[in-house]
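# A look at the structure
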Amino acid sequence: MNHICVLGSLNRDTSHLLTRLPMVGETVHGIGTSSSAGGKGCNQAVSAARLGARVSFIGKVGEDKGGEQLLKVLREENIDTSHIQVDPDVPTGEATILIQEDGKNAIIVTAGANMSIRDEDIEQAYAAIDQADIVIAQFEIPIPAVTKAFAYAKQQGKVTILNPAPAKEIPDALLQATDILVPNETEMQVITGAELNGDDAIRTAAGQLLGHGIRYVIVTLGEQGALICHADGAEHVPAQLVSAVDTTAAGDSFIGALSSRLDLSRWHDPQHLREVVSFANSFSALVVQRKGAIASIPHSHELES
């Protein structure tokens, strides 16, 4: 099974279930509220760990109750937390999630300690990258830290997976150190500046990124599945049609599943990647049928049922 190093965000999530999202200036009554561990990095790490991967985490929390709770949750998931630093000067990251009854959501993130990760923090965590097969990162932490980690990972022959969320311009140095880029359709549009109205437009936009040395661009399309783009073409992988209850961790669970099932002896083969993306689609389809972030992520023993 793969050994995965996740460099990413750790948040305390507070979710509010609503009949519908409020408009500007409007007050709506909530149906229910819950709190849990979250952040894209946390969700991706837990997804991979629950599917049997060995997972280590590079990140930062505040010296507060939220940070203590997050570390406790990760340890309970058998995730190595020895490279998560506790910063006494900034609070742990927080997210407020507004969820409609049909599963659509709006999210407010206050980054806190996540955005205090610096180059020296990455250098102190090189051992976690050395031990890993795959390194994953997102953009809820500083891009220079991601770039430094990926550059080192590539030097060490690791496979790098970048989830550019929330969408920002990607520096050339980071593109060159990325093997697999996994944006959703909105993020792809922001990154490339292209109008994306169908698979052909996405393929054309992906060509801009593949030219930088990326092997695969996998654009997740929600209920439409995912589009895998590579130098020799593109392939659409359909999703399972389900009734979504909460889409909060859908993209993160997709990436955790992808990384856990990627065969490093075959990952250059587009047919193998198609099989892995199909599995990741199915896994995220299970996640959106449940409420919550990590609470919605299945364990491996649940997959057959």
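Since the structure is predicted, the reported quantities are computational estimates derived from the model, not experimental observations.

### As for the packing of aromatic side chains
The full count for this structure, using the stated rule, is three aromatic pairs. Summarising the aromatic geometry, the rings of Tyr-216 and Trp-267 are spaced 6.4 Å apart at their centres and angled 65 degrees between planes, so their arrangement reads as edge-to-face. One end of the pair, Tyr-216, is in strand β11 (residues 216-220); the other, Trp-267, is in the loop between α9 (250-261) and α10 (270-287), and 51 residues separate them in sequence. Trp-267 shares its class with Tyr-216; the two are buried. Ring geometry for Phe-279 and Phe-283: centres 6.3 Å apart, planes at 20 degrees, overall stacked.

### Observations concerning the nonpolar core
When a protein is soluble and globular, its nonpolar side chains tend to lie buried together. Ranked by internal contacts, the top residues of the largest apolar core, which has 46 residues, are Ile-180, Ile-218, Leu-258 and Val-277. Top contributing element to this core by residue count: α10, with six residues. Ignoring sequence-local partners within four residues, the contact set of Ile-180 consists of Val-159, Thr-160, Ile-161, Leu-162, Tyr-216, Ile-218, Leu-262 and Trp-267. Counting 43 residues, the second largest nonpolar core, distinct from the first, contains Leu-181, Ile-202, Ala-206 and Leu-209.

### Here's the deal with the environment of Ala-280
Mapped onto the elements, Ala-280 comes out in helix α10. Looking at Ala-280, the relative accessible area reads 0%, which means it is buried. Sequence separation between Ala-280 and Pro-238 is 42 residues; the distance between their C-alpha atoms is 11 Å.

Calculation rules
- Residues numbered from 1 in each chain as written.
- Predicted model: local features only at pLDDT ≥ 70, side-chain atom pairs only at ≥ 80, totals over all residues.
- Heavy atoms only, no water.
- Phe/Tyr/Trp six-rings, centres within 6.5 Å; stacked < 30°, edge-to-face > 60°.
- Helix = DSSP H or I, 4+ residues; strand = E, 2+ residues; numbered from the N terminus.
- Buried < 20%, exposed > 50% of the residue type's maximum accessible area, 1.4 Å probe, protein only.
- Core = buried A, V, L, I, M, F, W, Y, C linked by side-chain atoms within 4.5 Å.
- Contact = heavy atoms within 4.5 Å.

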